[in-house]
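# Overview (structure and organization)
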Amino acid sequence: GTVIFPDATVKVFVTATPEERAGRRHKQLIEKGNSVSIQSLLRDIRERDARDAGRAAAPLAAAADATILDTTRMTIDAAVNAVLELYRAAAAKIG
């Protein structure tokens, strides 16, 4: 968002704890019949986050004017609704 849409009216940085993201990914893989250690998924996610945050070009970071949405304890529907509410609120201000 900071590079591709720097002038977006609504900026949302969606995040969740590494543990939650590993759990979600583990569930997806198990449902597909894949066997994988949640510990290895957690390690991979933490390593990727560190790489993404530290890269020179477009490091992973929330824009200064972004709303941070922590979805750790949210369903997909709740997260989508939260983003839609942010959009609606911004749209109402614009008129």
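The structure this text deals with has already been given above.
The rules we used
Residues numbered from 1 in each chain as written. Predicted model: local features only at pLDDT ≥ 70, side-chain atom pairs only at ≥ 80, totals over all residues. Heavy atoms only, no water. Helix = DSSP H or I, 4+ residues; strand = E, 2+ residues; numbered from the N terminus. Salt bridge = Lys/Arg side-chain N within 4 Å of Asp/Glu carboxyl O. Buried < 20%, exposed > 50% of the residue type's maximum accessible area, 1.4 Å probe, protein only.

### A look at the environment of K32
Among the structural elements, K32 can be located in the loop between helix 1 (18–31) and helix 2 (38–54). Note: C-alpha distance between K32 and L86 (54 residues apart in sequence) is 34 Å.

### A few points about the pattern of salt bridges
According to the stated counting rule, one finds 6 salt bridges in the structure shown. Where R24 meets E20, a salt bridge forms, and the shortest distance between an N and an O atom there is 3.0 Å. Taken together, the residues span about one helical turn, with R24 and E20 both in helix 1 at a distance of 4 residues. What makes R24 partly exposed here is its relative accessible area of 30%. R88 is the salt-bridge partner of E85, the closest N and O atoms lying 2.9 Å from each other. You can see E85 and its partner R88 sitting in helix 3 (residues 76–94), 3 residues apart, about one turn around the helix. When its relative accessible area of 48% is taken as the criterion, E85 is described as partly exposed.

Scope: geometric values only; no functional claims are made or implied.
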